[in-house]
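# Structural characterization, general
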Amino acid sequence: MTMHHPARPLLLPLLGSLVMMAGPALAGRPLATEDAGVLGAGECEVESFLGRARERGTAPATQQSVQLGCGTPVDTQVALQLQRTRQSGDAASAWNVVGKTSVVDGGDDDPSFALAWSFGQVRDTGRWRWDPQAVNAVASWPLAPRLTLHGNLGWSHSSQARQSRTTWAVALEHASSDTLDVMAETFGDDRLKGGPWWQLGLRWAAIPERLWLDTSLGWHFGDGRERAATVGLRLAF
């Protein structure tokens, strides 16, 4: 699930929107909602995306992200993620260690459960700070052939904001063909004003089992009328 804490007020649209929608996490892009799938031991992926967010009355903000993740022999995948965000000449950098541990692997026919977690540092005022930390309970439930329900319930803490959040997310993912997945989701937290985020996404397997391209478009209908979009790719090896 997408983690979400503003670094400072000027970067709020980005770190409160793009970061909420796109990381740090091991979600199956372009979803912000985590799925319960975990890479097998020795399997690795490189994942990258570009994002843009805008709140009504403010300048647009952009984000670049890249991460390398691999599966381990103990049903856990771990990744190192690097991010850079910009808005109106101001910038913030971040690194995160993000992971996900399988608790129950139900395969293609039965529910699967996992535990996701992350910690890292952000730098936007000339120094690095530990921020944020998060943990997330994850479930993926096959509803019908090619249709899966994903659900998350989590907790995150921002040292800079000096507050914690209870986070949640629900997504539907439909494999409309052997190479194209269509998805819709809603997500938020107990401190988000104006209701939850709503997002649509597409993922295309350009090279099946090897290379995926994806895109997302999200809306938050609060006072700021925020919008955010991302495009990304994932390479497995």
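This next bit is on the pairing of strand β3 (residues 76-87). In this structure, strand β2 (residues 61-71) lies alongside β3, joined through eleven bridges in antiparallel fashion. Within β3, the position partnered with Ser65 by the bridge is Gln83. Here β2 folds back onto β3, and the loop between the two strands holds four residues, one of which, Asp75, carries a positive phi near 55°. Where β3 lies against strand β4 (residues 90-104), twelve bridges are found, and the strand directions are antiparallel. What sits directly across from Leu80, in β4, is Val97. Adjacent in sequence and paired antiparallel, β3 and β4 are bridged by two residues, among which Ser88 carries a positive phi angle near 50°.

Further remarks concern the state of the cysteines. Enumeration over the complete set of coordinates arrives at one disulfide. A disulfide bridge connects Cys44 with Cys70, and the sulfur atoms are separated by 2.1 Å. Judged by the sign of its S-S torsion, about 110°, the bond between Cys44 and Cys70 is right-handed. Separated by 26 residues along the polypeptide, Cys44 in strand β1 (residues 44-54) and Cys70 in strand β2 bring together distant segments of the chain. Note on Cys44: relative accessible area 12%, which makes it buried.

Time to look at the sheet that holds strand β9 (residues 180-189). Spatially, the twelve strands close up into a barrel ordered β1-β2-β3-β4-β5-β6-β7-β8-β9-β10-β11-β12, and their pairing is antiparallel. Across this sheet, the average inter-strand angle for adjacent strands is 20°, counted without regard to direction. Bridge count between strand β5 (residues 112-123) and strand β6 (residues 128-144): eleven bridges; the pairing is antiparallel. By the bridge assignment for β6, Ser118 is matched with Ala134.

Once that is clear, we can look at the packing of aromatic side chains. Scanning the model with the defined rule gives four aromatic pairs in all. Summarising the aromatic geometry, the rings of Phe119 and Trp130 are spaced 6.4 Å apart at their centres and angled 40° between planes, so their arrangement reads as tilted. One end of the pair, Phe119, is in strand β5; the other, Trp130, is in strand β6, with eleven residues separating them in the sequence. Residue class for Phe119 comes out partly exposed when judged on its relative accessible area of 32%.

Before going further, it helps to spend a moment on a nonpolar patch on the surface. A surface patch of nonpolar side chains, about 790 Å² in accessible area, is lined by Val103, Val104, Phe113, Leu115, Val135, Trp141, Leu143, Trp155 and Leu172. Of all the secondary-structure elements, those providing two or more residues to the nonpolar patch are β4, β5 and β6. A per-element tally of the nonpolar patch places β6 first, with three residues. Inspection of the secondary structure assignment puts Leu143 in strand β6. The class of Leu143 is partly exposed, set by a relative accessible area of 47%.

Moving on: the pattern of salt bridges. Side chains bearing opposite charge may pair, as long as their charged atoms lie close to each other. Overall, the coordinates contain nine salt bridges when judged by the stated rule. The residue Lys100 makes a salt bridge to Glu34 at a minimum N-O spacing of 3.5 Å. Residue Lys100 is found in strand β4, and its partner Glu34 is found in the loop between α1 (12-22) and β1; the two are separated by 66 residues along the sequence. The same class applies to Lys100 and to Glu34, which are both buried. The salt bridge involving Arg165 is made with Asp189; its shortest N-O contact spans 3.0 Å. Within this pair, whereas Arg165 is found in strand β8 (residues 163-175), its partner Asp189 is found in strand β9, the two being separated by 24 residues in sequence.

Criteria and cut-off values
- Per-chain numbering applies: the sequence of each chain, read as written, is numbered from 1 onward.
- Totals for whole chains, interfaces and linings use all residues, but because this is a predicted model, local features are given only for residues with pLDDT of at least 70 and pairs of side-chain atoms are given and counted only at 80 or more.
- Computation of side-chain values: all heavy atoms of the structure, hydrogens and water removed.
- Any two strands are treated as partners once DSSP identifies two or more bridges connecting them.
- Segments assigned H or I by DSSP are reported as helices when at least four residues long, segments assigned E as strands when at least two residues long, and all are numbered from the N terminus.
- Counting rule for disulfides: a pair of cysteine sulfur atoms within 2.5 Å.
- Relative accessibility decides the category of a residue: with a 1.4 Å probe and only protein chains considered, values under 20% of the type maximum give buried, values over 50% give exposed, and everything between is partly exposed.
- Orientation is described by axes fitted as lines to C-alpha atoms, over the contacting stretch for helices, and by angles from 0 to 180 degrees between their N-to-C directions.
- Only Phe, Tyr and Trp rings take part, Trp by its six-membered ring, and two of them pair if their centres are within 6.5 Å. Stacked means planes under 30 degrees apart, edge-to-face means over 60, and tilted covers everything else.
- Think of a patch as exposed residues, more than 30% relative accessible area, with no salt bridge, where like charges cluster within 9 Å and nonpolar side chains (Val, Leu, Ile, Met, Phe, Trp, Tyr) cluster within 5 Å.
- Residue exposure ignores everything except the shown protein chains as possible cover, and the areas themselves are Shrake-Rupley values with a 1.4 Å probe.
- Just to be clear on terms, a salt bridge is a Lys or Arg side-chain nitrogen sitting within 4 Å of an Asp or Glu carboxyl oxygen.

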